[in-house]
Amino acid sequence: QMHLVESGGGVVQAGGSLRLSCTASESIDGYGLGWYRQAPGKHLELVATVTHVAAYTYLDSVKGRFTASRDNAKNAVFLEMNNLKPEDTAVYLCTAGIVSGESVAPVYWGQGTQVTVSS
């Protein structure tokens, strides 16, 4: 059972930046990675994916503002978030899963880290 732990969330003003980190308990080399977010009353939303060969996809509303990356040597995935908006407020969760074409199917989930963006 892989364990994932997120960190880096917090409270920022609109226009600010945060860098989220997610560290896995074992090698992530063969896994696709992803970031999801969930705001109260909303569906879980896929924010970004990073395949095992470092191909990236992004939710349209975060393109140009968020950048995902991975560091296999550190068993870690990151999400750099810039120009944050109040609508980015959510619990952010990282995942490790199976790559299928352009998609990553989550298998393991972190516990989440809260991001709050004030107006």
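Residues numbered from 1 in each chain as written. Predicted model: local features only at pLDDT ≥ 70, side-chain atom pairs only at ≥ 80, totals over all residues. Heavy atoms only, no water.

(A) Main features of the state of the cysteines. Within this structure, the stated rule accounts for one disulfide. Each sulfur of the disulfide joining Cys22 and Cys94 lies 1.9 Å from the other. Taking the sign of the torsion about the S-S bond as the criterion, the disulfide between Cys22 and Cys94, at about 50°, is right-handed. Here the residue Cys22 occupies a position in strand S3 (residues 18–24), and Cys94 occupies one in strand S9 (residues 90–100), the gap between them amounting to 72 residues. A residue is classified by how much of its surface remains accessible, and Cys22, at 1% relative accessible area, is buried. (Disulfide = S-S within 2.5 Å. Helix = DSSP H or I, 4+ residues; strand = E, 2+ residues; numbered from the N terminus. Buried < 20%, exposed > 50% of the residue type's maximum accessible area, 1.4 Å probe, protein only.)

(B) Layout of the nonpolar core. By size, the foremost hydrophobic cluster in this structure holds 28 residues, and its most contacted members are Leu4, Trp35, Val47, Phe66, Leu79, Met81 and Tyr92. Of all elements in the fold, only S3, strand S4 (32–38), strand S5 (45–50), strand S7 (66–71), strand S8 (76–81), S9 and strand S11 (113–118) reach the threshold of two or more residues within this core. (Core = buried A, V, L, I, M, F, W, Y, C linked by side-chain atoms within 4.5 Å.)

(C) Highlighting the pattern of salt bridges. The final tally for this structure, using the stated rule, is five salt bridges. For Asp88, the salt bridge identified is with Arg65, shortest N-O distance 2.7 Å. One end of the pair, Asp88, is in the loop between S8 and S9; the other, Arg65, is in the loop between strand S6 (56–58) and S7, with 23 residues separating them in the sequence. Per residue, the accessibility class of Asp88 equals that of Arg65, and both read buried. Among the charged side chains, a network of salt bridges with common partners joins Arg37, Glu45, Arg65 and Asp88. (Salt bridge = Lys/Arg side-chain N within 4 Å of Asp/Glu carboxyl O.)

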